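Summary of the model geometry
Residues per chain, in single letters:
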Amino acid sequence: MDENQVFPVDNEDDDVVVTLNLDDGTEVTCEILTIFDVNEQDYIVLLPLDDKGEPNEDGEVYIYRYFEDENGAPSLDNIDSDEEYEAVSKRFDEICEEDFGE
């Protein structure tokens, strides 16, 4: 499996949960918060969960480019430029305001 590929989704809960294999070899279980589009590129926002399956206390999220590979498997890619990250972060903030009024 590609190091950026998302592991299978756990569909037993109402929330969709995935496990990421990070560059340092650690695995992090995350809840998928949303997938959205900016300039015809999809992005995914993941909320890391603690050992008990609860959201991390500081509200940290991971944001990646999201795509499906040639086999239809979901994959992630890092956001490389500050400009792209700022645009994506701004859109995510707008989504949060729309959905949660925060």
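These lines cover the structure that appears in this document, whether it is placed above or below.

Rules and cut-offs
- Residues numbered from 1 in each chain as written.
- Predicted model: local features only at pLDDT ≥ 70, side-chain atom pairs only at ≥ 80, totals over all residues.
- Heavy atoms only, no water.
- Helix = DSSP H or I, 4+ residues; strand = E, 2+ residues; numbered from the N terminus.
- Buried < 20%, exposed > 50% of the residue type's maximum accessible area, 1.4 Å probe, protein only.
- Contact = heavy atoms within 4.5 Å.
- Areas by Shrake-Rupley, 256 points an atom, 1.4 Å probe, with all protein chains shown as cover.

The subject of this paragraph is the overall build of the chain. Scanning the chain from N- to C-terminus turns up 1 helix and 5 strands. Ordering the α and β elements of the chain from the N terminus gives β-β-β-β-β-α. Expressed as a percentage of its 102 residues, the buried residues of the chain come to 34%. Counting contacts in the chain only where the partners sit at least 6 residues apart, residues at least 24 apart contribute 27% of the total. Accessible surface, the chain as shown: approximately 7,100 Å² in total, 40% of it carbon and sulfur.

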